[in-house]
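Coordinate analysis (summary)
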Amino acid sequence: MEMLEEEEVLISQLKRKLENEDLNPEEKISLLIDALNKVLSSAAVQTDSRALTRVKSQLYHSGVLSHCAGVLSLSPSRLRGNWTSAARLAHLTSSSCVGAEPGSRSKDFHRLFLPSVMDVLLSLASQLMRRAEGSSLFRKVLDSIGWLLSAHTHLTAQVLSSVQYEQIQMCDDVTISLLCIQMWIQTCAVNRDFLSHLSDESVLLLLNEAVGQLALSSDSAVGGASIKLMLLMASQLGLRLQALLVNFKGLDSLLEKDWTGRGFDQEVDQLISIIQRDKAVSSQSEVSTERVRAACVIQAAWRSFQTRRRVKSLNRAVSTLQKRYRARRRRLQEQKEAQQWEEQLRYQVCVRRQQARRRFHQKQRELLLLLPPDQVRPYLQECERRAAVVIQSVYRGFRERRRYNDSLRDALRESQRQQRAARTLQRAGRRLIEKRRAAKAPPLNPLWIGQEGLTDSRRAELQQQVEEYISVHRSTRVSAEECASLHEEVQLLLQAELQKGERWRREEQRVEALLACAHTQLEVLRDAPPLSVVTVKQAESFLSPSASIAARARDAHNATLQANRLPWWRTLGEMHTGEKASPAHLQELEAVFGGLFIGGSAVVRGGTEVDGLKV
């Protein structure tokens, strides 16, 4: 814990020193190298395995690694030829980036900071490549790049497509080419999953570099390293590499012609066998591709034939469609013209009425001018009297019509009351008749006692016949135990039938109770007072205790209110589409309710008539 606090103090002191603007690039580089060496060495010797990761993360969060990238990105003139220190700082920066945990700044670390560090390292490598004394330093920088790539594989596409790496690839020095190939071999060897995480485009670029070295270079070390890299790619990628090797035609002949007898024939033969196997697979894929292409041609020909036949049959459909469209357009035009004619007629009627009214008033004024002055006032009084008579006659007619409607409503209410009284009498009479019938009916004997009308002599005769049949058709296979079990089984079946009859009787009683409840609720609804005089207590008595029934009644009430609010023209279609109850349906209702008054008529079969009803 104390060592961790010392490292935090060292990092904070280093940050304060780097913020000093008086330091030149050489002093900054030496300061960074000494501080990073001290911090990383002290963290590496600790027993805690997480100490080094925490130190690297703190270096990133404090901005020390950003200072390192900024110093390495300086121009060669400002570095003043201090390439050894720059290479050491690049190695320390790459080591600090590997294993750091950015935490909440993970997106910035992987998308912004690491690509900038990789650009700085590639730029430093390209500058060291041009210097004769920088071979060992170039190797050190490439090792830093490979170490960073093995931990962060998403930087591979940036490296392969960067301008600095293309300049390194175009170098004619054999050592530079060998170091590049060895960097990729070392990276693949350190991280076994390095190639599997790359995209096909990045793998193709890397494969293109290896094949390019085989085609352009004649050095055995470069050729052996390239072949080793391709074999390593084949072992890690497998079928993915087979699909990419199709792009390099003639590679097997190049290997057999130029690289046989160079001291690594076994590797060359192994690579040639892989390429030829890929060729066999590619030839099979070409055959399958030809079959697919032929199937596509056949399908295209068949579809074109179907399309031509469909186009030939489209003429009839097009003519029918045009005919219907023109008929619809003609109908719409006629409707539009009829509407315009109706509106014009209505306007002419209004204009003519207004003109007639004006002519009448003009004529009335002219007549008033012709009258003597002493007769004008009596004439106006007579006109007012006639207008009052018309108004009074209209009002009296309205009042009489309202009285007539009220009397009809009272008569209808009285007739309904009489109908309810008749239904009550009918119900009471039916119940009385049913009770009398039930009292007169003889009691039913149980099934096990015997049938009605069976005398003792007949019972003795039947018993004798049964015994004679048993004596004639005696069975030796049936034992007494089997007879006892059969008797018990029959008794159980008989008891089950009796229980079933008991359940049926209970079901009939439940149905009768439900019908009685429905009749009672219908009577309560018919005896309900009008809404204008109903009280809250009376309204609450009609509420149902069942939530489903209450919800259904509320929906029906809302639907009725919405239907009553509709304008008159919306209900024209419903007035003619209403269905009436058929006689068969009325007979079913009569059978269920027992002569209940249905649909304005009493459905009964006999009795006396009470106010238009039969009892």
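Only a predicted model underlies this, so the values are computations on that prediction, with no experimental measurement involved.

So, how was this worked out
- Residues numbered from 1 in each chain as written.
- Predicted model: local features only at pLDDT ≥ 70, side-chain atom pairs only at ≥ 80, totals over all residues.
- Heavy atoms only, no water.
- Helix = DSSP H or I, 4+ residues; strand = E, 2+ residues; numbered from the N terminus.
- Buried < 20%, exposed > 50% of the residue type's maximum accessible area, 1.4 Å probe, protein only.
- Contact = heavy atoms within 4.5 Å.
- Areas by Shrake-Rupley, 256 points an atom, 1.4 Å probe, with all protein chains shown as cover.
- Salt bridge = Lys/Arg side-chain N within 4 Å of Asp/Glu carboxyl O.
- Axes fitted to C-alpha atoms, helices over the stretch in contact; angles between N-to-C directions.
- Parallel < 35°, antiparallel > 145°, perpendicular 65-115°, else oblique.
- Left-handed = near helix turned anticlockwise from the far one by under 90°.
- Nonpolar A, V, L, I, M, F, W, Y, C, P; charged D, E, K, R; others polar.
- Patch = residues over 30% accessible without salt bridge, like charges linked within 9 Å, V, L, I, M, F, W, Y side chains within 5 Å.
- Lys, Arg positive; Asp, Glu negative; His and termini not counted.
- Charge placed at Lys NZ, Arg CZ, Asp CG, Glu CD.
- pLDDT = per-residue confidence, 0-100.
- Phe/Tyr/Trp six-rings, centres within 6.5 Å; stacked < 30°, edge-to-face > 60°.
- Polar contact = N/O pair within 3.5 Å; in protein donor to acceptor, adjacent residues only side chain to side chain.
- Expected span 1.5 Å × (residues − 1).
- Core = buried A, V, L, I, M, F, W, Y, C linked by side-chain atoms within 4.5 Å.

Focus: the overall build of the protein
The secondary structure content of the protein amounts to 23 helices and 4 strands. Put simply, the protein has 615 residues, and 25% of those count as buried. Summarising the internal contacts of the protein: among those between residues at least 6 apart in sequence, 70% fall at separations of at least 24. Of the accessible surface of the protein, which amounts to about 43700 Å², a share of 55% is contributed by carbon and sulfur atoms.

Details of the pattern of salt bridges
Scanning all chains against the criterion turns up 13 salt bridges. Between Arg385 and Glu382 there is a salt bridge; the shortest N-O distance is 2.5 Å. Taken together, the positions of Arg385 and Glu382, both in helix α17 (residues 373-440) and 3 residues apart, correspond to about one turn of that helix. Accessibility expressed as a relative area gives 46% for Arg385, which makes it partly exposed. Take Glu382: its relative accessible area is 29%, and that puts it in the partly exposed class. The closest approach of N and O atoms between Glu461 and Arg458, which form a salt bridge, is 3.5 Å. Taken together, the residues span about one helical turn, with Glu461 and Arg458 both in helix α18 (residues 456-472) at a distance of 3 residues. Each of Glu382, Arg385 and Arg386 takes part in one network of salt bridges that share partners.

A short note on the packing of helix α6 (residues 83-97) against helix α7 (residues 106-129)
Remark: α6 packs on α7, axes separated minimally by 11 Å, with the N-to-C direction vectors making an angle of 155°. Taken together, α6 and α7 sit at an angle that is classed as roughly antiparallel. Taken as a pair, α6 and α7 cross one another with a handedness that is left-handed. Residues Trp83, Ala86, Ala87, Ala90, Thr93 and Cys97 of α6 form the contact with α7, whose own contacting residues are Phe109, Phe113, Leu114, Val117, Leu121, Leu124, Gln127 and Leu128. Residue composition of the contact of α6 with α7, by class: 12 nonpolar, 2 polar and no charged.

Comments concerning a negative patch on the surface
A contiguous patch of negative charge, built from Glu256, Asp265, Glu267 and Asp269, is present on the exposed surface. Here the negative patch takes 3 residues from helix α16 (residues 265-370), the largest share from any one element. Residue classification places Glu267 among the partly exposed positions, given a relative accessible area of 32%.

Some details on the confidence of the model for the protein
Looking at the protein as a whole, the pLDDT averages 78, with 83% of positions reaching at least 70. At the low end of the mean pLDDT range in the protein sits strand β4 (residues 613-614), at 34; at the high end sits α17, at 91. A low-confidence stretch, residues 575-582 stays under pLDDT 50, and its non-local contacts, those more than four residues away or across chains, total 1 contact. Across residues 592-615, confidence stays below pLDDT 50; counting only partners more than four residues off in sequence or on other chains, it has 44 contacts.

So, the environment of Val222
Relative to the elements of secondary structure, Val222 occurs in helix α13 (residues 220-237). Put simply, Val222 and Ile181 are 41 residues apart on the chain and 7.6 Å apart in space, counted from C-alpha to C-alpha. Filtering out sequence-adjacent residues up to four positions away, Val222 remains in contact with Val174, Leu178, Gln213 and Ser217.

Observations regarding the packing of aromatic side chains
Within this structure, the stated rule accounts for 6 aromatic pairs. Relative to Phe305, the ring of Trp302 has its centre 5.6 Å away and its plane inclined at 35°; by these criteria the two rings are tilted. Here Phe305 and Trp302 lie together in helix α16, a separation of 3 residues that amounts to about one turn. Among the aromatic residues, those joined into a ring-pair cluster are Tyr60, Phe109 and Phe113.

Some thoughts on the side chain of Arg420
For Arg420, the location among the structural elements is in helix α17. Classification of Arg420 as buried rests on a relative accessible area of 19%. A polar contact of 3.0 Å, which involves the side chain of Arg420, links it to the backbone oxygen of Arg526. What Arg420 contacts, discounting residues up to four positions off in sequence, is Arg526 and Asp527.

Re helix α8 (residues 135-151)
Each full turn of the α-helix corresponds to 3.6 residues, which orients residues three or four apart in the same direction. An ideal rise of 1.5 Å per residue puts 24 Å on 17 residues; α8 measures up with 25 Å between its terminal C-alpha atoms. Of all the positions in α8, only Leu137, Phe138, Val141, Leu142, Ser144, Ile145, Gly146, Leu148, Leu149 and Ser150 are classed as buried. On the buried face of α8, the contacting elements are α6, α7, α9 (156-161), α10 (163-169) and α11 (174-190).

Re the packing of α7 against α8
Packing of α7 against α8 brings their axes to within 9 Å, and their N-to-C directions diverge by 160°. Our classification of the angle between α7 and α8 gives roughly antiparallel. Relative to α8, α7 is oriented so that their crossing is left-handed. Between α7, through Leu114, Val117, Met118, Leu121, Leu122, Leu124, Ala125, Leu128 and Met129, and α8, the contact on the second element is made entirely by Leu137, Phe138, Val141, Ile145, Leu148 and Leu149.

Focus: the side chain of Ser177
Along the chain, Ser177 turns up in helix α11. Overall, Ser177 belongs to the buried group, its relative accessible area being 9%. Setting aside chain neighbours within four positions, we find Ser177 in contact with Cys171 and Gln213.

What about a nonpolar patch on the surface?
Among the surface-exposed residues, Val311, Leu314 and Val318 lie close enough to one another that they form a single nonpolar patch of about 230 Å² accessible area. Looking at the element boundaries, Val318 is found in helix α16. On the basis of relative accessible area, Val318 is assigned to the partly exposed category, the value being 39%.

Describing the nonpolar core
In this structure, Ile145, Trp184 and Leu255 are the most contacted members of the largest nonpolar core, which totals 94 residues. Of all the elements, α7 adds the most residues to this core, at 12 residues. Among residues more than four places away in sequence, those in contact with Trp184 are Leu149, Thr156, Val159, Leu160, Tyr165, Phe194, Leu206, Glu209 and Leu229.

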